[in-house]
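Results of the structural survey
Residues per chain are reported as follows:
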Amino acid sequence: MLTRIAVVPYPPLLVPELTVRTGPRTEPVRGACLRATTSLTDSAAEWVAVGVDRRGPTVLEPDTAGTFAGYGVDVPVSLGGDRPAWDPELPVPARGAGWLRQQAGAERVTVRLLAADTPTEQAAELGRQLGSAAAEFGLLVLAEGTNRQDERSPHPPDPRARRLDERLRSAVRDVDRRELLDLDPQLCAELGVASRAAWQCAAGAAGTGNWTGRLVYSDTPHGVTYHVGTWSRAA
């Protein structure tokens, strides 16, 4: 039974070798992600990760490996197989899942990638399937907030971004499944929340039972808003 879910962003800046120096804006989000994923490993040695990528829908099995070399430093990552096959174009969410797995000590992670335009009900249904699976695993949700909140953002600021991030923040803190299922795909696309379907998969996974949430981190350190949290099923 699924008993714990961790929600984390997956920017390459989490990897220390890829940053020129550790600054006051980078270390807090990196530390929060490591705390959340270590908590996930405390619950289960094997993970399923859900993210969004142009290669979706697809499944990347644990016998997959790649590298962050495209970001300037050859930092290898593996999803955990004994003899992983090399994927030179491993999607960024999968690289993030592999790196976090290695740091948190999980044995392996299977990565489920959704397309950005996955309908809400389809994303939620995948979550429900994961939430009702008999196997014991931790669910890693790779999702980010808006990228249009302030002057450091990669796109011009939009006043709607702050409100959307407030919704995501409260949903993580309160395990507000309805808030996530009500996310508007068009609004999310306009405000840079490309991982909208992953958020809605999380809502589906926590669709039954009583869950408690813990907001570990929520801020906009480099123009993109990151929300980190854990959900635990009540005994």
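Attention in this report is confined to the structure presented alongside it. The numbering scheme is per chain: residues are counted from 1 as the chain's sequence reads. Local features in a predicted model are, by the rule used here, given only for residues with pLDDT of at least 70; side-chain atom pairs are given and counted only at 80 or more, and totals for whole chains, interfaces and linings are based on all residues. Excluding hydrogens and water, the side-chain values take into account all heavy atoms of the structure.

1. A few points about the overall build of the protein
Secondary structure elements follow DSSP: runs of H or I no shorter than four residues count as helices, runs of E no shorter than two count as strands, and numbering proceeds from the N terminus. Each helix and strand in the protein was counted, giving seven helices and ten strands. Two things to know: the radius of gyration comes from C-alpha atoms, and the globule rule equals 2.2 Å times the number of residues to the power 0.38. Its C-alpha atoms give the protein a radius of gyration of 16 Å, near enough to 18 Å, the size a compact globule of 235 residues would have. Dimensions of the protein along its principal axes, counting C-alpha atoms only, are 50 × 45 × 30 Å. Between buried and exposed lies partly exposed: a residue is buried under 20% and exposed over 50% of the maximum accessible area for its type, with that area taken using a 1.4 Å probe on protein chains only. In the protein, which comprises 235 residues, the share counted as buried stands at 57%. In short, Shrake-Rupley with a 1.4 Å probe defines the accessible areas, and a residue's cover is counted only from the protein chains shown. Counting only carbon and sulfur atoms, one obtains 48% of the accessible surface of the protein, whose full area is about 10,200 Å². We score Asp and Glu as negative and Lys and Arg as positive, and we do not count His or the chain ends. Charged groups are reduced to one reference atom each: NZ for lysine, CZ for arginine, CG for aspartic acid, CD for glutamic acid. Both charge centroids of the protein, one from 26 positive and one from 29 negative side chains, sit 3 Å from each other.

2. As for helix H2 (residues 92-104)
Along its 13 residues, H2 runs 18 Å from first to last C-alpha, staying within 8% of the 18 Å computed at 1.5 Å per residue. Counting buried positions over the 13 residues of H2 gives ten, a clear majority of the element. Looking one or two places after H2, you find Gly-105, whose phi comes out positive at around 80°. Given the number of residues in a helix, its expected span is that number minus one, multiplied by 1.5 Å.

3. Re the state of the cysteines
A pair of cysteine sulfur atoms is labelled a disulfide when the two atoms are within 2.5 Å. Taken as a whole and judged by the stated rule, the model has zero disulfides. Among the cysteines around Cys-33, which has no disulfide bond, Cys-201 carries the closest sulfur, lying 18 Å off. Owing to a relative accessible area of 0%, Cys-33 belongs among the buried residues under this scheme. Cysteine Cys-201 shares no disulfide, and the gap to the nearest cysteine sulfur, in Cys-188, comes to 15 Å. Among the residues examined, Cys-201 registers a relative accessible area of 0% and is labelled buried.

4. Considerations on the sheet that holds strand E10 (residues 226-233)
On the basis of which strands lie adjacent, the open sheet formed by seven strands has the order E3-E7-E2-E8-E1-E10-E9 and mixed pairing. Every interior strand has two partners, whereas the edge strands, strand E3 (58-60) and strand E9 (211-219), have only one. Within the sheet, the average angular offset between the axes of one strand and its neighbour, ignoring direction, is 15°. Two elements, E9 and E10, share eight bridges in a ladder whose sense is antiparallel. Residue Ser-218 lies in a different strand from E10, and its bridge partner there is His-227. Contacts between residues were defined by any pair of non-hydrogen atoms, one from each residue, lying within 4.5 Å. For every element, the axis is a line fit to its C-alpha atoms; helices are fit only across the contacting stretch, and the angle between N-to-C directions ranges from 0 to 180 degrees. Against the sheet, helix H3 (residues 120-132) touches strand E2 (46-52), strand E7 (108-114), strand E8 (138-142) and E10, its axis set at about 160° to E7. A pair of strands counts as paired when DSSP detects no fewer than two bridges linking them.

5. A closer look at the nonpolar core
Within the largest apolar cluster, 36 residues are counted, with the highest numbers of intra-cluster contacts made by Val-8, Trp-47, Val-111, Leu-140 and Val-228. Apart from residues lying up to four places away in sequence, Leu-140 is in contact with Ala-6, Val-8, Thr-37, Leu-40, Trp-47, Val-48, Ala-49, Val-50 and Ala-97. To form a nonpolar core, buried Ala, Val, Leu, Ile, Met, Phe, Trp, Tyr and Cys residues must be joined to one another through side-chain atoms within 4.5 Å.

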